Amino acid sequence: MVHSKCVKGRKDISIRDIWEAKKRISSMIYKTPLIQSAVLSEKMGRRVFLKLENVQEIGAFKVRGAANKILSLSTEARGRGIATYSTGNHGLAVAYVAKMLGIEAVVCLSNRVPRAKVDSLKRLGAKIEIYGDSQDAAGERCYELERKEGLTVIQPFDDPYVIAGQGTIGLELLEELPNLTDVIVPLSGGGLLSGVGLAVKSNDRGIRVSGVCMEKSAVMYESLKAGKPVLLEESETLADSLLGGIGQDNSYTFRIVQEYMDNAYLISEEEIAYSMAFMIDKHRMIMEGAAATGVAAVLGGKIPRQEGDVAVIISGHNVDLSVIHRVIQEYVICNEDSE
Ligand SMILES: *Cc1c(COP(=O)(O)O)cnc(C)c1O
């Protein structure tokens, strides 16, 4: 009864899968705006564009991958229900899509997930299970639900349908930016970078794909250095959406990120905080820490100055008001000091 694509073992993901995803999810996602940032363009001496995934219904891009995966499930599987574990945005995406399709969804979370995210999940009608203090512990609980109750686990990143769904962002970038030479992608499990990398490089191998992570617990970054998936302790970070392991038995994203990522940049907590406040100050735009890592790479002069247009994926805006309050306060004090 398994669809050929779901058979254990690896399926190659191609640009065709991304085109199929585009068609499959079109009624459930927004084709998001792409705007040029005057301030960032001036700083870099190149045109810098922001791909605003924060305008998706759940405030982050993850609805693309979740919709592509869930819409590809059989009627029986949908009837049994779905489950997921997530630092928040993937959980929101799964809950949202499940609600739209009338499917029951259970979300397993670690106790590190911010309160605002837990509340929004509840509002979307998901059943919440708080389990352990790492994403890996929440994940184990999720697979137990799969074994014992027949729910289908919707993987946050290491799944061909999820990767293809996130890749639709790459198709939109190609369509809108014929002179695209750099894409800057916040990186955690690597579903976003894998999909976008596959899409843009299938058009032009020369488009540089840069991954950005926070300095603390940069699991994919350290795994690539080690040549295999590594485990790291999770620590407090403003980029909480980038927390989580990549899975010791990673089947897709480790290999694809290894092949398609040209550069990786680590961003400090100070740089993330500054970039969040900077975007509120200069763009009147709220973004979460994970999304601000891309802006920080531009502001920190990390992206080499060459020709062509740069796209920064603004991956989401789900951040507690208390955090926004704090980063603005620090920013205002720093600006006063420097005057
Ligand atoms: C999930 C997420 C990321 C990272 O995506 P991966 O596919 O796990 O690499 C980046 N930004 C935000 C806001 C996210 O929710």
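Residues numbered from 1 in each chain as written. Predicted model: local features only at pLDDT ≥ 70, side-chain atom pairs only at ≥ 80, totals over all residues. Heavy atoms only, no water.

An unreviewed UniProt entry annotates the protein as Hydroxyectoine utilization dehydratase EutB originating from Cytobacillus oceanisediminis.

Enquirer: Please clarify how the overall build of the protein should be interpreted in this entry.
Expert: Looking only at helices and strands, one finds 14 helices and ten strands in the protein. Its C-alpha atoms give the protein a radius of gyration of 19 Å, near enough to 20 Å, the size a compact globule of 339 residues would have. In terms of overall dimensions, the protein has a C-alpha envelope of 65 × 40 × 40 Å along the principal axes. Carbon and sulfur atoms make up 49% of the accessible area of the protein, which amounts to about 14600 Å² in all. One way to put it: in the protein the 40 positive side-chain charges average out to a point 5 Å from where the 44 negative ones average out. (Helix = DSSP H or I, 4+ residues; strand = E, 2+ residues; numbered from the N terminus. Rg over C-alpha atoms; globule rule 2.2 N^0.38 Å. Areas by Shrake-Rupley, 256 points an atom, 1.4 Å probe, with all protein chains shown as cover. Lys, Arg positive; Asp, Glu negative; His and termini not counted. Charge placed at Lys NZ, Arg CZ, Asp CG, Glu CD.)

Enquirer: What is the right way to look at the sheet that holds strand β1 (residues 34-36) in this model?
Expert: Strand-to-strand pairing in sheets goes through backbone hydrogen bonds, with the strands running parallel or antiparallel. Taken in spatial order, the six strands make up an open sheet running β1-β2-β10-β7-β8-β9, and their pairing is mixed. Each of the sheet's edge strands pairs with one partner strand only, and the pair in question is β1 and β9 (263-267). Taking each pair of neighbouring strands and ignoring which way they run, the sheet shows an average axis angle of 25 degrees. Relative to strand β2 (residues 48-52), β1 runs antiparallel, the two being bridged by three bridges. Following the sheet pairing, L34 is matched in β2 by K51. Helix α8 (residues 160-176) contacts β1, β2, β7 (180-186) and β10 (309-314) of the sheet and is inclined by roughly 140 degrees relative to β2. (Pairing = 2+ DSSP bridges. Axes fitted to C-alpha atoms, helices over the stretch in contact; angles between N-to-C directions. Contact = heavy atoms within 4.5 Å.)

Enquirer: Is there a simple way to explain the sheet that holds strand β6 (residues 152-153) in this structure?
Expert: The sheet built from four strands is open, its strands ordered β5-β4-β3-β6 with parallel pairing. Each end of this open sheet is capped by a strand with a single partner; those strands are β5 (127-130) and β6. As defined by bridge partners, strand β3 (residues 82-85) adjoins strand β4 (residues 105-109) across four bridges and the pair is classed as parallel. Of the residues in β4, the one forming a bridge with A83 is V106.

Enquirer: I tried to follow the pairing of β7 on my own but got confused; where do I start?
Expert: Residues in a regular strand point their side chains to alternate faces of the sheet. Taken across its seven residues, β7 has six buried, putting it largely inside the fold. Two elements, β7 and β10, share four bridges in a ladder whose sense is parallel. Across the sheet, residue D182 finds its bridge partner in β10, namely V310. Pairing of β7 with strand β8 (residues 208-214), which is carried by five bridges, proceeds in the parallel orientation. Each bridged residue has a counterpart across the sheet, and for V185 the counterpart in β8 is G211. (Buried < 20%, exposed > 50% of the residue type's maximum accessible area, 1.4 Å probe, protein only.)

Enquirer: Help me understand the site of the ligand in this model?
Expert: Close contacts around the ligand come from 16 residues, with K62, N89, G190, G191 and S315 the closest. A distance of 2.7 Å separates an oxygen atom of the ligand from a polar side-chain atom of K62. Between the ligand and G189 there is a distance of 2.9 Å, counted from an oxygen atom to a backbone nitrogen or oxygen. Within the complex, the protein chains bury 98% of what would otherwise be the 390 Å² of accessible surface of the ligand. (Near = heavy atom within 4 Å. Polar contact = N/O pair within 3.5 Å; in protein donor to acceptor, adjacent residues only side chain to side chain.)

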